[in-house]
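An overview of the molecular structure
Chain by chain, the residues:
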Amino acid sequence: QVQLVESGGGLVQAGGSLRLSCAASGRSFSNYAMGWFRQAPGKEREFVARISFNGGRTYYADSVKGRFTISRDNAKNTLYLQMNSLKPEDTGVYYCAVDEHSSVFQASPTAYDYWGQGTQVTVSS
């Protein structure tokens with residue numbers, strides 16, 4: 001059974017940092033691109049970052065560029081999101097996801113095949 005489990009969320013003050021992790025089990029995702037999305041209350045799920053299967057290519061939403069860093073450790077089957085200089089508008093539930101089918105950049109949630117349950121990030125002002 002495929003499972004993605006996010007961790008590392010929490011409450012942090014504006015300007016602070018958090019590091020999210022997404023541990024995959026049930027199968028290896030080392031051949032697939034992975035991404036992070038977030039969803040704020042009352043809003044649609046939005047793209048945050050994406051990383052290619054080997055980590056060679058990364059993509060970021062303009063709103064997080066320069067502040068967030070996506071990375072992966074395929075030996076550990078784990079995806080990371082380092083979030084620095086956090087802002088209140090970064091608040092939301094953060095989800096990791098796997099894109100099994102495409103090697104090109106995909107920002108739409110519908111392009112991703114597996115999802116974690118999410119971890120809450122709250123940034124206070």
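Up top you'll find the structure we're talking about.
Description of the structure in this document. Bear in mind the structure is a predicted one, so any value in this text is a computation, not a measurement. Counting from 1, residues in each chain are numbered in the order their sequence is written. Local features in this predicted model are restricted to residues of pLDDT 70 or higher, and side-chain atom pairs are both shown and tallied only at a pLDDT of 80 or more, whereas totals for entire chains, interfaces and linings draw on every residue. Computation of side-chain values: all heavy atoms of the structure, hydrogens and water removed.

1. Observations concerning the overall build of the chain
Helix and strand definitions follow DSSP, with helices as H or I runs of at least four residues and strands as E runs of at least two, each counted in order from the N terminus. For the chain, the helix and strand inventory stands at zero helices and 11 strands. Secondary structure of the chain in N-to-C order comes out as β-β-β-β-β-β-β-β-β-β-β. We compute the radius of gyration over the C-alpha atoms and compare it with the globule rule, which gives 2.2 Å times the number of residues raised to the power 0.38. For 125 residues, the compact-globule estimate of 2.2 N^0.38 gives 14 Å, and the C-alpha radius of gyration of the chain, at 13 Å, lies within 12% of that figure. Overall, the chain is about 40 × 25 × 25 Å in size when its C-alpha atoms are taken along their principal axes. Each of the 125 residues in the chain was classed as buried or not, and the buried ones make up 42%. Averaged over its 12 positive side-chain charges, the chain has a centre that lies 5 Å from the centre of its 10 negative ones. Using a 1.4 Å probe on the protein chains alone, a residue whose accessible area is under 20% of its type maximum counts as buried, one over 50% counts as exposed, and one in between counts as partly exposed. Counted charges follow a simple rule, with Lys and Arg positive, Asp and Glu negative, and His plus the chain ends left uncounted. In plain terms, the charge of a residue is placed at NZ if it is Lys, CZ if Arg, CG if Asp and CD if Glu.

2. A few points about the side chain of Thr78
Tracing the chain through its elements places Thr78 in strand β8 (residues 78-83). The term polar contact refers here to a pair of N or O atoms within 3.5 Å; inside protein, the definition further demands a hydrogen-donor-capable atom paired with an acceptor-capable atom, and it admits residues adjacent in sequence only when both atoms are side-chain atoms. Only 2.9 Å separates the side chain of Thr78 from the backbone oxygen of Lys76, close enough to count as a polar contact. Between two residues, a contact is recorded if the distance between any of their heavy atoms is within 4.5 Å. Ignoring anything within four residues of it in the chain, the contact list for Thr78 reads Ser21, Cys22, Ala23, Arg72 and Asp73.

3. Quick notes on the packing of aromatic side chains
For Phe, Tyr and Trp, where Trp contributes only its six-membered ring, two rings pair if their centres lie within 6.5 Å, and the inter-plane angle classes them as stacked under 30 degrees, edge-to-face over 60, or tilted in between. According to the stated counting rule, one finds nine aromatic pairs in the structure shown. With a centroid separation of 5.2 Å and an interplanar angle of 80°, the aromatic rings of Phe47 and Phe105 are classed as edge-to-face. Of this pair, Phe47 sits in strand β5 (residues 46-51) while Phe105 sits in the loop between β9 (92-99) and β10 (114-115), and the two are 58 residues apart along the sequence. By relative accessible area, Phe47 is classed as buried at 11%. A relative accessible area of 38% means that Phe105 is categorised as partly exposed. Among the aromatic residues, ring-to-ring pairing joins Phe37, Phe47, Tyr59, Tyr95, Phe105, Tyr112 and Trp115 into one connected group. Cation over ring: Arg45 sits above Tyr95, and NZ or CZ is 3.7 Å from the ring centre. Working rule: Lys NZ or Arg CZ, within 6 Å of ring centre, within 35 degrees of ring normal, means a charge sits over the ring.

4. Here we look at the state of the cysteines
By disulfide we mean two sulfur atoms from cysteines, separated by a distance within 2.5 Å. Tallied over the full model, the rule gives one disulfide. Disulfide pairing places Cys22 opposite Cys96 at an S-S distance of 2.0 Å. Between Cys22 and Cys96 the disulfide shows an S-S torsion of about 55°. By sign, it is right-handed. On the criterion of sequence distance, the pair formed by Cys22 in strand β3 (residues 18-25) and Cys96 in strand β9 is long-range, its members being 74 residues apart.

5. Some points on the pattern of salt bridges
Note on definitions: salt bridges are taken to be side-chain nitrogens of Lys or Arg within 4 Å of carboxyl oxygens of Asp or Glu. If you walk through the whole model with that rule in mind, you get six salt bridges. The salt bridge involving Lys65 is made with Asp62; its shortest N-O contact spans 3.1 Å. Between Arg67 and Asp90 there is a salt bridge; the shortest N-O distance is 2.7 Å. Here Arg67 is found in the loop between β6 (58-60) and β7 (68-73), whereas its partner Asp90 is found in the loop between β8 and β9, with 23 residues between them in sequence. Linked through salt bridges whose partners overlap, the residues forming this network are Arg38, Glu46, Arg67 and Asp90.

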